[in-house]
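So the chains spell out like this:
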Amino acid sequence: MKKKHIKKLSRKTKSLLLSAVLGILAVGPILGNSSNTSKSGMIEDVQSTITGNITDENGIPLSGASVVVKGTTTGAVADFDGNFSINAPSNGTLVFSYVGYARQEIQINGRSTVNVSLQPDAAALDEVVLVGYGTQKKGEVTGAIETVSAEQLSIVQVSSSIDAIKGQIAGVDVQSTGGRPGQNPTVRIRGRRSISASNDPLYVVDGIPLIDGPSSMADINPDDIASMQVLKDAAATAVYGSRGANGVILVSTNRGRVGKTKITYSSRYGVTSATKLVDMMNGAEFANLKRESRRIGWNGTIPADTEVFLDPIELESLAQGRSTDYQDLVTGNGYQTNHQIGISGGSENTTFSTSIGYFKEQGIISNQDFERFSGRVNVDHKINDIFKIGASFLVAKTEQNWGSNATLGEALANNPLGVPYDENGELKFLPTNDGIRTNPLNELVEGAYIDERQQTRIFAPVYLDINIMEGLKWTTTFGPDIRIGRRGTFAGSLTNTNRGGPGRAGIINVNDFGYTLENLLTYNKALTGRQNLKVTLLQSIQKSRLEFNSGNVTGIPYESQSFYNLGSATQGGVLESGLTEWALASFMGRVNYDFDGKYLFQASLRADGSSRLAPGNQWKYFPGVSAGWRIDQEDFLMETQVSEMKLRASYGEVGNTSVLPYQTAGRLGSSVYAFGESPALGFGLNEIPNEDLTWEVSKTLDIGLDYGFFNNRLVGSFDWFRTNTVDLLLERSLPSTSGYENVLQNVGSTRTTGFEFSISGGIIDNTDDGFNWDVDLNLSTYNEEITELALTDADGNPLDDVGNGWFIGQPIKVFFDYEKIGIWQANEEAAALAADNKVPGEIKLNDLNGDGVITPDDRKIIGNGVPDWYGGFNNKFSYKGFDLGVFFVFRVGHTVQSNFHGSNNSLFGRYNNLDVDYWTIDNPTNAYPRPNENQESPRNGSTLRYFDGSFIKLRNISLGYNLPESIVEKLSMEKLRLSVSGQNLWFASDYDTYDPEISEDDTDLNSGVVPSTKQWSLSLKATF
């Protein structure tokens, strides 16, 4: 058995860890800095004691403010009344700082008393936040909106910027879909709402909604992104109407600034390997399993080896002590490399930002990789005081080699007594005489199996701003989005797909052209000295046209041509083509009003009309309203340690564009039938048309609190939300006499309720080459339940849909099965037979109703995929030019279904098996049933697949160094940074096979999932 390297973390340990973190955050601001840090060197001038007082712009003492002797580490902290005392040379300089205030330097000039009034840092107080079709100052925001900066995105080195936000925002759950290079993660904002429609958020890049968001984000270089804003509540997303039900992610790319031209170059190289592999049996262990599977009865004798091992290869391997580890053969080390050069700058009238990037990831399986070339040019030009134009041009070329799904599947299932190479060192197609299992190494022969996915992307929004008059502006934006894709596939003769048959090839070409045209009118006016009004009006239209054609053939004459000459195939294949078009027209109005800077109000209404729906149901209205109270601006909080306190509440309705084009009309399907003696092709309705179909609608109530203490040295937010989604699109079953199995209707509803909490603290803050420690923590939890389904009883009460696994009051995805409580033992032979017609060694089930017999009524909900809580915990330490980051992510309290413990745990004695503790007459365990060649899988084997999926991961650890200015200036640079980082180096979980992290869209963890990877990397970033 292979040695396990993953330590398990108990729930008690997890709770203690969480308590410790909260404790640190609570006492950090009170502890502050050390009152007297040691000197870094000798000061030749005469030392004297300097005292003074530090206040804000209103004369209020700043408790905890820092004062440092410039050029040393000698520092002090102001007491509760803002007073300080420090030893300093009479000709020295004192540096004063406080979070949220501009740093100030004052020369002592022989004085013994130095008083200072710090001024607010305007950039911190006036931080601009994207809110959808406009911006607001952070203090004016009344919705649940979170910001992710470029610095946060750079914490983790990944191909997708969406993957980079994992664990950094409360309420945003980013889930891995496997370790394939270029594979997109699954993103859920505040859980799921829909049962059958998409739960993906809407992505908006530089103001333009992306037509195919999750996959399109892979085309954008993360280094090109300036910030992301995540809109979570319906009042914030209501301005996006029928597409805002699952949240909105606004992406802003880098733009130029007035000033000298700046050049940046970044480079990174990292080596990857599997985080963890599956513990399968070696040759000796498998041999014992096979012997046991051939035992006569559950307590009889085991035949001789010559009767058990009928394949001469197996006997030869046993005699030689030979064992093959196929997992080790097909996996190895991969790598990631990323390079980018960017140039930005501009004059008073014209600013620009341009970049070229290259990313390549080679997977841990040799024929899996992802490569991206990208280029971006952003230009803004002020023509005069009235007109301003700009453009954001992106071109990207990506290529992903997906690889064969059979590679790992065969590596796990192959008999370890088999031999992958013959006596000449050539690959054998069948490692044993069992024709089912093929050699996984054949999938990796160059050119044997190809699944190549290419895409070229051109995304080029342009805008025109017209300042009609003071406070009144018109903006027209046009955003074309062109995607040209090609997927080519080829499977040679000696692959698992063909098993010696003729080679197969296929190709599919996709041309997708979409555009968005929007006209935006904004009016921003101070009504009085205490009242402000902002009105936003929008007219928008978005269109999409997708065209595809494909061909598949069999009998490629020579395999080196791959899929490039389908016409040479000996057997004709299938030709297909198609066209899909849709359009969305929209109008939106929004009003923002604030009084005295304390009382904030926002209301919006969006109307969407969709070509996807039938006339009479094409238009729908989506309202949103929110309010905020800046309590910190009230007099009773002015002289307290409360620096920010804003209470906000919102309600909104948003839709889910889950109706497919032409679905309301009823689409045709083809069928082959006999017309006399000849085959004929006919067409008929494939689905019942339903002109009443409309969008699913989510209605969300949100109550939140944004807080800051000790002049925002400790900041965070708390939100409670409840979302009711109605008019779900569900398939309603029909009687067979109708000629159809079901019909799609708007029936059913769900409810999601949850809490979100985030806190960030400057635990220690010495700003002048001192030691700093900052902590960020976010926690989220939600409860998901189905409240109505298509089925009802005679009184109209909703009923469970057991066939689809949907239950009233339960989450959308649950695991409904029998419950394993052990293994029937030798002294329970009669009971096993009576209860379930079983014998000792088989799975013992829980008789829930106590009738003494196992029936379908004894099934129960074993678990679900909704976590009790999830989030991230980030620590950042800095000292002089060094910084250390330690970032954890966690997901706790959910259930995962492991197909490894099904298909790779058949205990059949024919295919390799997980190295489990199985029952024998001499090993009466309650863990796993006895091997049995007469059962291809154990009866009720599905009960072995459910596990606690809780985990905590060391997402990233990094050590960076910014070279001193004295060295950088000699190199004619502005900044030079070197860093080393490790990703996914450690995790703890009770699940003992692969990494337990899994997308909720996957049914279970299985052998087709490529293991997640860990990585060590070196990075360099230079600014000129």
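Residues numbered from 1 in each chain as written. Predicted model: local features only at pLDDT ≥ 70, side-chain atom pairs only at ≥ 80, totals over all residues. Heavy atoms only, no water.

Peer 1: Could you clarify how one ought to interpret the overall build of the protein in this entry?
Peer 2: A tally of helices and strands in the protein yields 13 helices and 50 strands. Its C-alpha atoms put the protein at 100 × 70 × 65 Å along the principal axes. For the protein, buried positions account for 52% of its 1024 residues. In the protein, 69% of the contacts between residues at least 6 apart in sequence involve partners at least 24 apart. Looking at the protein as shown, the accessible area adds up to about 44,200 Å², and 54% of this sits on carbon and sulfur atoms. The protein carries 88 positive and 119 negative side-chain charges, and their two centres are separated by 3 Å. (Helix = DSSP H or I, 4+ residues; strand = E, 2+ residues; numbered from the N terminus. Buried < 20%, exposed > 50% of the residue type's maximum accessible area, 1.4 Å probe, protein only. Contact = heavy atoms within 4.5 Å. Areas by Shrake-Rupley, 256 points an atom, 1.4 Å probe, with all protein chains shown as cover. Lys, Arg positive; Asp, Glu negative; His and termini not counted. Charge placed at Lys NZ, Arg CZ, Asp CG, Glu CD.)

Peer 1: Mind showing me how you'd approach the nonpolar core here?
Peer 2: Note that soluble globular proteins tend to have their nonpolar side chains buried in a common cluster. With 39 residues, the main nonpolar core has Val278 and Phe900 as its most contacted residues. At the level of secondary structure, the elements contributing two or more residues to this core comprise α7 (283–293), α10 (326–330), α11 (406–413) and β41 (843–845). (Core = buried A, V, L, I, M, F, W, Y, C linked by side-chain atoms within 4.5 Å.)

Peer 1: Which parts of the structure should I look at to understand helix α12 (residues 829–836)?
Peer 2: Since there are 3.6 residues in each turn of an α-helix, residues three or four apart along the chain are aligned in direction. Along α12, the residues that are buried comprise Ala832, Ala835 and Asp836. All buried residues of α12 lie within an arc of 80° about the axis, which places them on one face of the element. Residues Ala830, Leu833 and Ala834 are exposed on α12 and point more than 90 degrees away from its buried face. In this structure, the buried residues of α12 make contact with β41. (Arc of directions from axis to C-beta.)

Peer 1: When you look at α7 in this model, what are you seeing that I'm missing?
Peer 2: Of all eleven residues that make up α7, eight are buried, and the element is covered over most of its length. Every buried residue belonging to α7 is among Gly283, Glu285, Phe286, Ala287, Leu289, Lys290, Glu292 and Ser293, and all of these are buried. Buried residues along α7 sit against α8 (305–308) and α9 (312–320). Here α7 starts with a cap whose side-chain oxygen sits 3.2 Å from the backbone nitrogen of Ala284, and that cap is Asn282. (Polar contact = N/O pair within 3.5 Å; in protein donor to acceptor, adjacent residues only side chain to side chain.)

Peer 1: Would you mind going over a nonpolar patch on the surface with me for this structure?
Peer 2: Together, Ile263, Tyr265, Ile341, Ile343, Ile356, Leu978, Leu1020 and Phe1024 line one region of the surface with nonpolar side chains, adding up to about 630 Å² of accessible area. Elements represented by at least two residues in the nonpolar patch include exactly β17 (259–274) and β18 (334–346). By the element assignment, Ile356 lies in strand β19 (residues 350–362). For Ile356, a relative accessible area of 57% puts it in the exposed group. (Patch = residues over 30% accessible without salt bridge, like charges linked within 9 Å, V, L, I, M, F, W, Y side chains within 5 Å. Salt bridge = Lys/Arg side-chain N within 4 Å of Asp/Glu carboxyl O.)

Peer 1: Before we go on, may I ask you to explain empty space enclosed by the protein in this structure?
Peer 2: The method is simple in principle: a probe with the dimensions of a water molecule rolls over the atoms, and the space it marks as empty is what remains. Taken as a whole and judged by the stated rule, the model has 13 cavities of 30 Å³ or more. The volume enclosed by the largest cavity comes to roughly 390 Å³. Lining the largest cavity are 27 residues, with Val158, Asp163, Ser176, Gly178 and Thr1013 positioned closest to its centre. Mapped by element, the contributors of at least two residues to the lining of the largest cavity are β47 (951–962) and β50 (1013–1023). Ranked by residues supplied to the lining of the largest cavity, first place goes to β50 with three residues. Its residues assigned to classes, the lining of the largest cavity shows three nonpolar, 15 polar and nine charged. (1 Å grid on protein atoms, 1.4 Å probe; cavity = no way out; pocket = protein on both sides within 12 Å on 5 of 7 lines; lining within 4 Å. Points joined across faces, edges and corners; volume = space filled by probe spheres on them. Nonpolar A, V, L, I, M, F, W, Y, C, P; charged D, E, K, R; others polar.)

Peer 1: Help me understand the sheet that holds strand β3 (residues 75–77), please; the structure alone is not making it clear to me.
Peer 2: Within the open sheet, the four strands sit side by side as β3-β2-β5-β6. Their pairing is antiparallel. Of all strands in the sheet, those with a lone pairing partner are β3 and β6 (101–107), marking the two edges. Taking each pair of neighbouring strands and ignoring which way they run, the sheet shows an average axis angle of 20°. Examined bridge by bridge, strand β5 (residues 93–98) and β6 share five bridges and lie antiparallel to one another. Directly across from Thr93, in β6, lies its bridge partner Gln107. (Pairing = 2+ DSSP bridges. Axes fitted to C-alpha atoms, helices over the stretch in contact; angles between N-to-C directions.)

Peer 1: Is there a simple way to think about the sheet that holds strand β1 (residues 47–55) in this case?
Peer 2: The pairing of strands in a sheet comes from backbone hydrogen bonds and takes either a parallel or an antiparallel form. With respect to topology, three strands assemble into an open sheet ordered β4-β1-β7, the strand pairing being mixed. In this open sheet, the two edge strands, each paired with only one partner strand, are β4 (83–89) and β7 (116–117). Here β1 pairs with β4 via seven bridges, running antiparallel. When the bridges of β4 are listed, Asn53 appears paired with Asn83.

Peer 1: Would you mind going over the side chain of Asp883 with me for this structure?
Peer 2: In this structure, Asp883 sits in strand β44 (residues 882–892). Only 2.6 Å separates the side chain of Asp883 from the side chain of Arg977, close enough to count as a polar contact. With residues up to four places along the chain from it excluded, the contact list for Asp883 reads Lys876, Phe877, Ser878, Ser958, Leu959, Gly960, Asn962 and Arg977.

Peer 1: Would you mind showing me how to read the environment of Glu105 here?
Peer 2: Examined against the element boundaries, Glu105 turns out to sit in strand β6. Classification of Glu105 by relative accessible area gives partly exposed; the value is 40%. Spatially, the C-alpha atom of Glu105 lies 79 Å from that of Gly500, the residues being 395 residues apart in sequence. The contacts of Glu105, once residues within four sequence positions are left out, are Lys70, Thr93, Leu94 and Val95.

Peer 1: Got a minute to help me understand the packing of aromatic side chains in this structure?
Peer 2: How two aromatic rings sit relative to each other is set out by the distance from centre to centre and by the angle between their planes. This structure, assessed with the given rule, holds 24 aromatic pairs. For the pair Phe709 and Phe710, a centre-to-centre distance of 6.5 Å together with 55° between the ring planes defines the contact as tilted. Using a relative accessible area of 25% as the deciding quantity, one classes Phe709 as partly exposed. Its relative accessible area of 23% is what places Phe710 among the partly exposed residues. Centroid distance Phe771 to Phe877: 6.4 Å. Interplanar angle 20°. Geometry classified as stacked. One end of the pair, Phe771, is in strand β38 (residues 771–788); the other, Phe877, is in strand β43 (residues 869–879), with 106 residues separating them in the sequence. For Phe877, a relative accessible area of 23% gives the class partly exposed. An aromatic cluster of three or more residues is present, and its members are Phe478, Phe513 and Tyr515. The ring of Tyr911 carries Arg437 above its face, with NZ or CZ at 4.7 Å from the centroid. It is Arg453 that lies over the ring of Trp402; its NZ or CZ is 4.2 Å from the centre. (Phe/Tyr/Trp six-rings, centres within 6.5 Å; stacked < 30°, edge-to-face > 60°. Lys NZ or Arg CZ within 6 Å of the ring centre and 35° of its normal.)

Peer 1: Can you walk me through the pattern of salt bridges in this structure?
Peer 2: Side-chain pairing between opposite charges can occur once the charged atoms of the two side chains come close. By the definition in use, this model includes 52 salt bridges. Across the salt bridge formed by Asp219 and Arg457, the nearest N and O atoms sit 3.0 Å from each other. Separated by 238 residues along the polypeptide, Asp219 in the loop between α5 (213–216) and β15 (225–231) and Arg457 in strand β22 (residues 449–459) bring together distant segments of the chain. Like Arg457, Asp219 is buried. Between Lys598 and Glu634 there is a salt bridge, with its nearest N and O atoms 3.5 Å apart. Here the residue Lys598 occupies a position in the loop between β27 (571–595) and β28 (599–610), and Glu634 occupies one in the loop between β29 (619–630) and β30 (642–656), the gap between them amounting to 36 residues. Summarising the burial analysis for this pair, Lys598 and Glu634 share the class buried. It is possible to trace a salt-bridge network through shared partners that takes in Glu146, Arg190, Lys232, Lys646, Arg648, Asp702, Asp706, Asp719 and Glu756.

Peer 1: Honestly, the pairing of strand β12 (residues 186–189) in this entry has me stumped. Any pointers?
Peer 2: Across a regular strand the side chains alternate sides, sitting on one face of the sheet and then on the other. Residue alternation in β12 divides its side chains into two sets, Thr186 and Arg188 and Val187 and Ile189, and both sets are buried. The pairing of strand β11 (residues 172–175) with β12 spans four bridges and is antiparallel. What sits directly across from Asp173, in β12, is Arg188.

Peer 1: Could you clarify how one ought to interpret the environment of Asp212 in this entry?
Peer 2: Position of Asp212 relative to the elements: it lies in the loop between β14 (208–209) and α5. Expressed as a C-alpha distance, the spacing of Asp212 and Leu202, which sit ten residues apart in the sequence, is 8.9 Å.

Peer 1: Mind showing me how you'd approach the confidence of the model for the protein here?
Peer 2: The predicted coordinates ought not to be read in detail in places where the model reports low pLDDT. Averaged over every residue, the pLDDT of the protein is 89; the share at 70 or more is 93%. In this model, residues 1–44 is a region of pLDDT below 50 whose contacts with residues beyond four sequence positions or in other chains number 79 contacts. (pLDDT = per-residue confidence, 0-100.)

Peer 1: Looking at this structure, how should I read the side chain of Asp56?
Peer 2: Take Asp56: it is sitting in the loop between β1 and β2 (66–69). For the buried residue Asp56, which engages in no salt bridge, the nearest side chain bearing the opposite charge is Arg630, 13 Å off. Those residues in contact with Asp56 that sit more than four places away from it in its chain are Leu62, Tyr101, Ser117 and Leu118.

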